[in-house]
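Chain residues, written in single-letter form:
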Amino acid sequence: MHDDHSEKHPGSTVSYVIGFLLSIVLTIIPLYVVLNHSFSNMILVYVIMIMAVLQFLIQLVFFMHIRESEEPHYNILAIALGIIFVFAIVAGSAWIMTFNSQVQ
Amino acid sequence: MAHAVETGVKHEDHESIKIAGFWIFLVQDVLLFATLFATYVVLRNHYAGGPTPKELFDVPGFVAETFILLTSSFTSGLAALQLNKKSVGGLITWLVITGVLGLAFLGFEINEFTNMVQEGATISTSAFLSAFFTLVGTHGAHVTLGLGWMLGLIIQLARRGITPVTSRKVSVLSLYWHFLDAVWIFIFTVVYLIGVM
Amino acid sequence: MQTQHFFIVGDPLILGADISIILVSAAIIFVLTYFKKWGWLWREWLTTVDHKKIGIMYFISALLMLFRGGVDALLMRLQLMFPNMNLLESEHYNEIFTTHGTIMILFMAMPLIFAMFNIAVPLQIGARDVAYPFLNAVSFWLFFFGALLLNLSFVIGGSPNASWWGYPPLSELTFNPGPGENFYILSIQISGIGSIATGINFLITILKMRAPGMRLMDMPLFTWSVLSSCIVIIAAFPVLTVALFLLFMDRFAGAHFFTMTHGGDPMMYVNLFWMWGHPEVYIVVLPAFGIFSEVVSVFSKKVIFGYTSMVVSLLLISVYAYFTWVHHFFTMGAGADVNTFFSISTMLIAIPTGVKVFNWLLTMYRGRIRMTEPMLWTLGFIVCFVVGGATGVMLSVAPADYQYHNSYFVVAHFHNVLIGGTVFGMFAGMTYWWPKIFGFKLNPTLGKWAFWLWNIGFYVCFMPQYALGFMGMTRRIYTYPDDMGWTPYNVVSTIGAFIMALGFVFQVWQIVYSAKRMDRDVTGDPWDGHTLEWSTTSPAPYYNFAVIPKVEGRDAFWKEKKKRSQPDYKPEKRELKPIHFPKNSGIPFIMGVCFFIAGFGLTFHWVWLGVIGLIGVAATLYARSFQYDTEYVIPVEEIKKTEAALGRDI
């Protein structure tokens, strides 16, 4: 318990506030463009997906402090691998199951 | 605590090993949600003559849910920051605020679900609604679980104060809470925004 | 539900099983009470968090399940031996092939690999336990009670009958209203939670608990294989959890994920199931690759050939495994682009596997080979796995697959890789680590009998099935007319199955005989091993190592032994220190019981019982969270006493 350093929670009030504000902005923009139909549906989907991914990254960095964990960064590796698998699951399923719309 | 005891790992490492494992747990939970998302994406047009998302989704409702959960994610971070100040009182206060926001989020969600069911849009209406209720409901179940966990942690903090063990628990809980918000971002985007488009 | 539907009594086979279960249970209770062993059982086993004991419990459960699944297999082979047999009715046959598959994959192969994880990994990396000993016990009890739940279906309520993959719409409520499919869903769900926990536990154990000086690229290859297997577990099991959960929602909550009406899509289940199902075969075969690497190197008295390429191919397989799943349902008709992609990805995954086979062969090349039992299993594996791999590449060709699909060719292929790969691998591991776990070697003569019976029986059983597949015999048929020309092949195949069964009998005999007759291993290093598990005593003391070893490079213990044989060797002064050690706990067992109660309740739609069980689960979780006093200190005096009793002076 004498070693305070190892128990320090990463981040500061400033980093949380920045993360919070950016997240709010990245929530309002997609909401605004969707409710006003600023673009065609196809482009809208891309825009709001990019916003979602950005917000996800911001939360990883500013809230979950992924960069500040101890060395080596196994958790970054795990998340990177996880994202590859997420892609396989979601994009793979969507691609494989498109046959359904052709069949029906 | 500080006596020279050899355990194969130093004792301080004990808690950091638990945090590392929790990251891996979160990754598997991400994959669990990814599978639910995949199912939703595949079945999202299968209305089977039932209501469509445009008819069902209530914009003010899901926007409120989104901002409440985002704020609670922020406050759970502020709670964890109190660890550095060694302030049990501040920590518990912020956790209680987070918990109340979580409850408010759940309240909105339950309200949304009951309204849908009253309009006759149930889990049995169509494959789209099955996928919707299961995906959003699983997230809601995670939030509920987190609230139960938070309650237990508040009691432990009140009894024991800030120790290496309780502070590890606070860190892990706040990670979990941020993670739930991150999942919600995608529910907000993929389910609600694309739904009302 | 009426009683005669609740207890299955109609069939004489099941009635016999009922009676024998009651008799065996009564006998166990009698023996435990008569010898006053209840306290011992609770203190030493049911509450243990020691990875070695948990490994032994996994191992015993896996052997029991191998027996159960094996009996299912023999019944099927008897029914198919001749045309128009009347041994099993069609319904009973459906149940038996379903439980055979489910048990062999999820309740035999999984615990068997977990047994090897537990027995070897902490010892190999010079750790005192796994990263989360308590969670390890939870994993075991979830597996145990999941397996119990599935096996209960045999005598209560009725077994699942929609095959081990439980495809809808057959497994939906409309076509399968009984409790059988509920047993299937809930038992896999319960043990699946345990599997994910084991995956996380061993991943972190390997990454964080290695002895000082052991870098990742110094780790024994078995440890590497466990690491890769854990990556696949963590990536794949959540998908199974969701697939079964959605099926559960269909059956319990009236959802329409996979139904034929209201927009449900049964093929989505198939897609999700194989997204787990294909990686699953790598989960169970990768640890076997690791065991072969250890065995080949030790019994050729050489370091492994191509260590780095071994590691790279293990990791490549664990990521690739996620990109091949569609080859299980090419015939769904997803289109040429999808089938082409997955056809090619399936062919590609054969490459890293091929690399490994060449590395094993080159390790043996010019080695001083000792034909011990683990080595025999390894050689048997190489031949068998190459045949299985080659037929796998045949199956990966999508247009050709339209011919093979759902035929006995497929049955022969996956038994070829699963028996030849996983089962032979685990037997190699069992015979290799047996002295480390129990302190005596297994009798080699009986072991060789077992090996040859298994090996010959395997080819006699499954080679004819390739032919049967080409001749048009489809999977899961319970009988066939006599003018198909299949009879001679089926007769031979059945004979092969019984030869393998005889091999199993020899193994049981070998274990019983060796326990009585074989000498104790006092060296701790009966095979002249290379890795750290052989540096401690056999069996290892509960804290594994009195002093944590310092590691320099690969094959740490082999190098250490070479150093010791130098004339100018001076042993380093090793200072004992007190050890922090986790306390035993009854909570994992109780949690398992609660899960079992919940699963049993939900199986019969008794929601109240399900809720009681789940409240119990929550209560045990809470109880654990409020426990702070979970460790104790082993004083130096006790370590000294234990080491002296094991014949080691410090």
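Remember, it's a predicted structure, so these values are computed and weren't measured experimentally.

1. Observations regarding the side chain of Glu181 of chain C
All names here are of chain C.
Moving on, step 1. One can find Glu181 in helix H7 (residues 180-208).
Moving on, step 2. The side chain of Glu181 is buried and forms no salt bridge, while Arg251, the nearest opposite charge, is found at 5.7 Å.
Moving on, step 3. A distance of 3.2 Å separates the side chain of Glu181 from the backbone nitrogen of Ala162, its partner in a polar contact.
Moving on, step 4. Residues within four places of Glu181 in sequence aside, it is in contact with Pro160, Asn161, Ala162, Gly166, Ser171, Asn176 and Arg251.

2. What to know about helix H9 (residues 266-299) of chain C
Residues and elements named next belong to chain C.
Moving on, step 1. Taking 1.5 Å per residue as the helical rise, H9 with its 34 residues ought to reach 50 Å, and the 50 Å between its terminal C-alpha atoms agrees with that figure.
Moving on, step 2. Within H9, 32 of the 34 residues are buried, which leaves the element mostly enclosed by the surrounding structure.
Moving on, step 3. The N-cap residue of H9 is Asp265: its side-chain oxygen and the backbone nitrogen of Met267 are 3.1 Å apart.
Moving on, step 4. Lys301 sits one or two residues past H9 and shows a positive phi near 55°.

3. Thoughts on the pattern of salt bridges
Side chains carrying opposite charge are able to pair once their charged atoms draw close together.
Residue and element names in this part refer to chain C.
Moving on, step 1. Scanning all chains against the criterion turns up 10 salt bridges over all chains.
Moving on, step 2. With a shortest N-O distance of 3.2 Å, Lys52 and Asp50 are connected by a salt bridge.
Moving on, step 3. As a salt-bridge pair, Asp528 and Lys301 come within 2.7 Å of each other at their nearest N and O atoms. With a gap of 227 residues between them, Asp528 in the loop between helix H16 (487-517) and helix H17 (556-565) and Lys301 in the loop between H9 and helix H10 (307-320) connect regions that are remote in the sequence.
Moving on, step 4. Given a relative accessible area of 24%, Asp528 falls into the partly exposed group.
Moving on, step 5. Within this structure, Lys301, Asp525, Asp528 and Lys561 form a network of salt bridges that share partners.

4. Structural notes on the packing of aromatic side chains
All names here are of chain C.
Moving on, step 1. In the structure shown here, the tally under the stated rule is 99 aromatic pairs over all chains.
Moving on, step 2. Judged by centre distance (5.6 Å) and plane angle (25°), the rings of Phe30 and Tyr34 are stacked. Taken together, the positions of Phe30 and Tyr34, both in helix H2 (residues 12-34) and four residues apart, correspond to about one turn of that helix. Of the two residues, Phe30 and Tyr34, both sit in the exposed class.
Moving on, step 3. Looking at Arg554, its charged tip hangs above the ring of Tyr307, at a distance of 3.7 Å from the centre.
Moving on, step 4. Across the ring face of Phe134, the terminal group of Arg624 is positioned such that the distance to the ring centre comes to 3.7 Å.

5. Here we look at the interface of chain C and chain A
Moving on, step 1. Each side of the interface is counted separately: chain C has 25 residues, and chain A has 14 residues.
Moving on, step 2. Taken over both partners, the interface formed by chain C and chain A buries close to 1,700 Å², and the fraction arising from carbon and sulfur atoms is 77%.
Moving on, step 3. At the junction of chain C with chain A, the criterion picks out one residue pair in polar contact (both at pLDDT 80 or more).
Moving on, step 4. Counting only elements with at least two residues in the side of chain C that touches chain A, the list comes to H7, helix H8 (221-253), H9, H10 and helix H11 (336-364) of chain C.
Moving on, step 5. Considered class by class, the residues forming the side of chain C that touches chain A number 19 nonpolar, three polar and three charged.

6. Here's the deal with the packing of helix H4 (residues 88-118) of chain B against helix H6 (residues 164-196) of chain B
Residues and elements named next belong to chain B.
Moving on, step 1. Contact geometry of H4 with H6 gives a least axis separation of 13 Å together with a crossing angle of 30°. Taken as axis vectors, H4 and H6 run roughly parallel relative to one another. H4 and H6 meet at a crossing whose hand is left-handed. Of the residues in H6, those in contact with Leu91, Leu95, Thr98, Gly102, Phe105, Glu109 and Glu112 of H4 are Val170, Leu173, Trp177, Trp184 and Tyr192.
Moving on, step 2. Partitioning the contact of H4 with H6 into residue classes produces eight nonpolar, two polar and two charged.

Cut-offs used in this document
Residues numbered from 1 in each chain as written. Chains lettered and ligands numbered in written order. Predicted model: local features only at pLDDT ≥ 70, side-chain atom pairs only at ≥ 80, totals over all residues. Heavy atoms only, no water. Helix = DSSP H or I, 4+ residues; strand = E, 2+ residues; numbered from the N terminus. Buried < 20%, exposed > 50% of the residue type's maximum accessible area, 1.4 Å probe, protein only. Lys, Arg positive; Asp, Glu negative; His and termini not counted. Salt bridge = Lys/Arg side-chain N within 4 Å of Asp/Glu carboxyl O. Polar contact = N/O pair within 3.5 Å; in protein donor to acceptor, adjacent residues only side chain to side chain. Contact = heavy atoms within 4.5 Å. Expected span 1.5 Å × (residues − 1). Phe/Tyr/Trp six-rings, centres within 6.5 Å; stacked < 30°, edge-to-face > 60°. Lys NZ or Arg CZ within 6 Å of the ring centre and 35° of its normal. Buried area = accessible area lost by both parts, 1.4 Å probe. Nonpolar A, V, L, I, M, F, W, Y, C, P; charged D, E, K, R; others polar. Axes fitted to C-alpha atoms, helices over the stretch in contact; angles between N-to-C directions. Parallel < 35°, antiparallel > 145°, perpendicular 65-115°, else oblique. Left-handed = near helix turned anticlockwise from the far one by under 90°.

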